[in-house]
Amino acid sequence: MSAAHPFGFLDEHAKKEVRRSVLKAVAIPGYQVPYSSREMPMGRGFGTGGLQLTLSLLGKGETLKVIDQGSDDSVNAVSLRNFIEMTCEGIHTTTRTEAADLLQSRHRIPERPLREDQLIVLQVPYPDPLVIVEPSENKRKLMHGEADYSRLLVKLYEDIVKFDEITISHRYPTRINDHYVIDPSPIPRWDVPKLNHSKALILLGAGREKKIYAVPPYTKAEPLAFEDVPFRVEDFTNEAGHRRACQRCGCNSSFLDEFIDSSTGEKVFQCSDTDWCNTIMCGGASLSSDSDTNPDVKNKEVANG
Amino acid sequence: MDKVLEVAKLSKVYGQGCPSCYELTGPQHNTNLCFRCGSIVAAHDVSFDLYKGEILGIMGESGSGKSTAVKCLYFDEPPTAGQATFFDDDKRYDLFALNAAQQRRLANHRFGMVYQNPHLGLNFDISAGGNIAERLLMSDMDNYARIRHQATRLLSRTEVLPERMDELPKTFSGGMQQRVQIAKALSTNPPLLFLDEVSTGLDLSVQAAILDLILEIQQEMGTAMIVVTHDLGVIRLLTGRTLVMKYGRVIESGLTDQILEDPQHAYTQRLVASAL
Amino acid sequence: MSEAPVLRVENFSKQFTLHEQGKRIPSSHNVSLSVYSGQLTALIGPTGAGKTTVLKGIYRTYLPGSGRILYRTQAGHEIDLAQADEHRMLALRRMEIGYVTQFLHALPRQATEDVVAQPLLHKGISKTDAQYQAREMLAAMNLPQRLWGISPSTFSGGEKQRVNLARGLVSRPRLLLLDEPTASLDQYTMERVIRLIEKLKTEGVAMLAIFHQKELVDRVANNVVTLEPPPAEEYALEETA
């Protein structure tokens, strides 16, 4: 396969178009830049938007990490990583967040803060937060242009009326640089504050919807909320009032996945970010020097939890 | 007295239009359809002014162009020709020279519109309170409790039970939907309100109550209003001055009591004579 | 008269054009009169002489045909009401010129005291003050207090007339036009109205009134203007619209 395709699978023109769109997206923070979104040898909806960004931006000798809901080993992450390794000769892969130059992720931002020299690509199913309130794309464009998000805010209002709080669990509408509101992809609320003044460039790609947008480094990202009903992240406090901890590594400051232990039938909580969990297990943020290209397979039950 | 609005030579043609459109249409031809090019001259050469706290009536049958004028002013339709100036405190806006964003902003913040069809003025997928919240949110109010309070106040003022504010408008009666529409239109305290056949199609008692409400609001808030109606009763009750339109032209205008008691144009005389 | 009149009507004529019937009906013909501050000018004459037309022409409920209607405003300007701009006219009606018709036009849903208070509200007077003055005026008109809170639409002719007068007088206009204000009043109330008119005179109100009872004219009028019916009955329109 690699012989039949250029480096990065896409031809140079396609990559150039993606890069141009990235430049525009960075120049207009939060604006959804349309691009042609090529056919990829996998179904739309499997991360083709993120994949095209990665393939256009990754260079020889650079190191890549691919995760799906925080895990390096779930099917989507493995398939994408395999495909990229196959089509980009000379790149390295890693499971360690701090070792990656480029991270492609589905639905999570790693717990470990990213650095200025890193870049994260998020896979996006639905790029436009306004789609739930306005079916016409023409009208949505006008609304974005005029920063008219009142109808989105009405959704939040109705949420509070019905449930006394904002119940959006993921894809939380977030205003970038005081203008465009983005759908930050299905990351949990937990990850939304990481968008704000992020040191790393955050790129979002929607393959099926043919849109690229960005949260550039050190840019304001503000989740929509009311002055008196502020945005909150997920609460991991248990019945006794204590912050739950990961049953595996003991960390009590990370985003936790909840699942049922099949042997005991009990509710168990574990870090969603596999790399973070492993790092804590190994005694904190020790930087190991091995640059293994094989995923760190230790934690399969979490991956599917 | 402060002028709120000045409209000069407003025209609206639906269709491609031709040089003969204006000559071949109007009350003297008994049509607003230009037979040469097939265009509809919905309104032509409409001029009037409106002062603070004044209610102006635009009266005519369907197809007279009375709604068209208001639609142009509320930016629902672009005019074919003409000028309109809106005076807002010390600012003045050349309405049709504004770009679309500026127009929408003005319509959302400084104008109010109540349509005959509540579906045009209300979002039926969100609650009555949510409808008012939407307009307040447009004006950058971002405090939930304040929005809630304001919506409750407006709905009580327009006599909608506050305990029903979280229900969808589709569960409301027609009169109640109009009240929610009025509350929504008033939420930003606009100096200019357009009312397009607001009481048409409602039961008589409901109609009367809505008209009373409009009068009370006008007295309390000093809102300038343009009332579009085919109903002489509405004109008599609400307005101080009236324009009479036919086939897209203003055929007569004056003080409302003069229009009703000493109409000059044959058409107006017929209209007044046929009133119940 | 040393003082300049508040209102001077010069050669006022008015005819109605009825397009449907193809007729022109003359009403007032060449009417001239003056009204002075603190005085009442009575308009008398047979039915069809156009008395009401003169009043409505001054108030601009009718569009004047020809002639001048010169009104001296509070600010001392003289304006021709026949030519005045609509907004000017509305402002004058609100602040300076009152009109009491033979019939009461009021919403069937409005309490009597609100009906009477309305002109004051339009004038910009506060709600409580307006209500207080309205009640005072209703008492002066001898309208039983139990009627104040209900709508005048159910009232008898005499009661309605009193409400109507109260509404016209309450705002103390500079120029008051009265169209048979005492037509359906009992003797007792009429005496009260006469007293009120005298009081308005001392306050400097200029009044132009149509009266039918001679006795009334003799008692309250300072000047009397007699109108004659127009020379021609009616004639057909030359062109039909």
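Residues numbered from 1 in each chain as written. Chains lettered and ligands numbered in written order. Predicted model: local features only at pLDDT ≥ 70, side-chain atom pairs only at ≥ 80, totals over all residues. Heavy atoms only, no water.

Participant: Help me understand the overall build of chain B, please; the structure alone is not making it clear to me.
Facilitator: Secondary structure summary: chain B contains eleven helices and ten strands in total. Its C-alpha atoms give chain B a radius of gyration of 19 Å, near enough to 19 Å, the size a compact globule of 276 residues would have. Overall, chain B is about 55 × 45 × 40 Å in size when its C-alpha atoms are taken along their principal axes. Counting only residues that meet the buried cut, chain B has 58% of its 276 residues in that class. (Helix = DSSP H or I, 4+ residues; strand = E, 2+ residues; numbered from the N terminus. Rg over C-alpha atoms; globule rule 2.2 N^0.38 Å. Buried < 20%, exposed > 50% of the residue type's maximum accessible area, 1.4 Å probe, protein only.)

Participant: Could you clarify how one ought to interpret the interface of chain A and chain B in this entry?
Facilitator: It is common to give the size of an interface as the accessible area that goes away when the parts come together. Listed as interface residues are 15 residues of chain A and, on the opposing side, 21 residues of chain B. Both sides together, the interface formed by chain A and chain B hides about 1,500 Å², and carbon and sulfur atoms give 57% of it. For the pair chain A and chain B, the interface holds one salt bridge. The shortest N-O distance in the salt bridge between E146 of chain A and R104 of chain B comes to 2.2 Å. Our count for the contact surface shared by chain A and chain B stands at seven residue pairs in polar contact (both at pLDDT 80 or more). Taken together, the residues of the side of chain A that touches chain B break down into eight nonpolar, one polar and six charged. (Contact = heavy atoms within 4.5 Å. Buried area = accessible area lost by both parts, 1.4 Å probe. Salt bridge = Lys/Arg side-chain N within 4 Å of Asp/Glu carboxyl O. Polar contact = N/O pair within 3.5 Å; in protein donor to acceptor, adjacent residues only side chain to side chain. Nonpolar A, V, L, I, M, F, W, Y, C, P; charged D, E, K, R; others polar.)

Participant: How should the confidence of the model for chain A be read in this particular structure?
Facilitator: Low pLDDT marks regions whose predicted coordinates should not be analysed in detail. Mean pLDDT over chain A: 90, with 92% of residues reaching 70 or higher. For the stretch residues 286-305 of chain A, pLDDT sits under 50, and the model shows 29 contacts to residues farther than four places along the chain or on other chains. (pLDDT = per-residue confidence, 0-100.)

Participant: Explanation requested: the domain arrangement of chain A in the structure shown.
Facilitator: Residues and elements named next belong to chain A. Domain parsing of chain A yields domain 1 (12-131 + 159-220) and domain 2 (236-287). The C-alpha-based centres of domain 1 and domain 2 are spaced at 25 Å. Between domain 1 and domain 2, the residue contacts involve 15 residues of the former and 14 residues of the latter. Buried surface at the junction of domain 1 and domain 2, summed over both partners, amounts to about 1,100 Å²; 52% is from carbon and sulfur atoms. Broken down residue by residue, the surface that domain 1 buries against domain 2 is led by E111, R112 and W190, which jointly contribute 46%. At the junction of domain 1 and domain 2, the tally comes to zero salt bridges. Counting across the interface, domain 1 meets domain 2 through six residue pairs in polar contact (both at pLDDT 80 or more). (Domains from an automatic or database assignment.)

Participant: Hey, could you run me through the arrangement of the chains in this one?
Facilitator: Contact analysis covers two pairs of chains in contact, and the most contacts occur between chains B and C. If you take every C-alpha in chain A and every C-alpha in chain C, the smallest gap between them is 37 Å, and the two do not touch.

Participant: What's the story with the confidence of the model for chain B in this structure? I'm lost.
Facilitator: Here chain B averages 92 in pLDDT, while 99% of its residues score no lower than 70. Among the scores for the predicted complex, ipTM is 0.89 and pTM is 0.84.

Participant: So what exactly am I meant to see when it comes to the packing of helix α3 (residues 112-122) of chain C against helix α5 (residues 157-169) of chain C here?
Facilitator: The axes of two packed helices give the description: the angle between them and the distance between them. Residue and element names in this part refer to chain C. One can describe the packing of α3 onto α5 by two numbers: an axis separation of 7 Å at closest approach and a directional angle of 30 degrees. Judged by the inter-axis angle, α3 sits roughly parallel to α5. At the point where α3 passes α5, the crossing takes the right-handed sense. Between α3 and α5, the contacting residues are T112, V115, V116, Q118 and P119 on the first element and V163, A166 and R167 on the second. (Axes fitted to C-alpha atoms, helices over the stretch in contact; angles between N-to-C directions. Parallel < 35°, antiparallel > 145°, perpendicular 65-115°, else oblique. Left-handed = near helix turned anticlockwise from the far one by under 90°.)

Participant: How should I be thinking about the environment of A97 of chain B in this particular structure?
Facilitator: Following the sequence through the fold, A97 of chain B ends up in the loop between β5 (91-94) and α3 (100-109). Remark: the alpha-carbon pair of A97 of chain B and T85 of chain B, spanning twelve residues in sequence, is separated by 9.7 Å.

Participant: Explanation requested: the pairing of strand β8 (residues 206-210) of chain C in the structure shown.
Facilitator: Residues in a regular strand project their side chains so that they alternate between the two faces of the sheet. Residues and elements named next belong to chain C. Along β8, five of the five residues are buried, which leaves the element largely enclosed by surrounding structure. Summarising the sheet, strand β7 (residues 175-179) and β8 pair through five bridges and their orientation is parallel. Looking at β8, one finds that L175 is bridged to A206. The β-α-β motif built from β7, the intervening helix α6 (residues 187-202) and the parallel element β8 has right-handed crossover chirality. (Pairing = 2+ DSSP bridges. Right-handed = clockwise from strand over helix to strand, strands pointing away.)

Participant: I keep staring at the packing of aromatic side chains and nothing clicks. Help me out?
Facilitator: The geometry of an aromatic ring pair is captured by the separation of the ring centres together with the interplanar angle, meaning the angle of the planes. Summed over the entire model, instances satisfying the criterion amount to 15 aromatic pairs over all chains. A cation over an aromatic ring shows up here: K12 of chain B above the ring of Y14 of chain B, its NZ or CZ 4.9 Å from the ring centre. (Phe/Tyr/Trp six-rings, centres within 6.5 Å; stacked < 30°, edge-to-face > 60°. Lys NZ or Arg CZ within 6 Å of the ring centre and 35° of its normal.)

Participant: What exactly am I supposed to notice about the sheet that holds strand β4 (residues 81-88) of chain B here?
Facilitator: What holds strands together in a sheet is hydrogen bonding between their backbones, with the strands either parallel or antiparallel. All names here are of chain B. Strand order in the open sheet made by the four strands is β2-β1-β4-β5, with antiparallel pairing throughout. A single partner strand is all that each edge strand has here, and the edge strands are β2 (40-51) and β5. On average, each strand axis in the sheet is tilted by 15 degrees relative to the strand beside it, whichever way the strands run.

Participant: Explain the environment of A275 of chain B here, please?
Facilitator: In this fold, A275 of chain B is placed in the segment after α11 (266-273). It is 7.0 Å that separates the C-alpha atoms of A275 of chain B and L232 of chain B, two residues lying 43 residues apart in sequence.

Participant: Any chance you could explain the pattern of salt bridges here in plain terms?
Facilitator: Pairing of side chains with opposite charge becomes possible as their charged atoms draw close. Residues and elements named next belong to chain B. Following the criterion strictly, the structure yields 52 salt bridges over all chains and no others. One salt bridge in this structure joins D45 and K9, with 3.4 Å as the shortest N-O distance. In this pair, D45 is assigned in strand β2 and K9 in strand β1 (residues 3-14), connecting sequence segments 36 residues apart. Take D45: its relative accessible area is 36%, and that puts it in the partly exposed class.

Participant: Looking at this model, I keep getting lost on helix α1 (residues 51-59) of chain C. Mind explaining?
Facilitator: A turn of α-helix holds 3.6 residues, and therefore any two residues three or four places apart point the same way. Residue and element names in this part refer to chain C. With eight of nine residues buried, α1 lies mostly within the body of the structure. Among all positions in α1, only K51, T53, V54, L55, K56, G57, I58 and Y59 are buried. One or two positions beyond α1, positive phi appears at R60, with a value near 70 degrees.

Participant: I would appreciate a short explanation of the pairing of strand β10 (residues 249-255) of chain B in the present structure.
Facilitator: Residue and element names in this part refer to chain B. The element β10 is largely enclosed, with a buried count of five among its seven residues. Note: strand β9 (residues 241-246) against β10, six bridges, orientation antiparallel. By the bridge assignment for β10, L243 is matched with S253.

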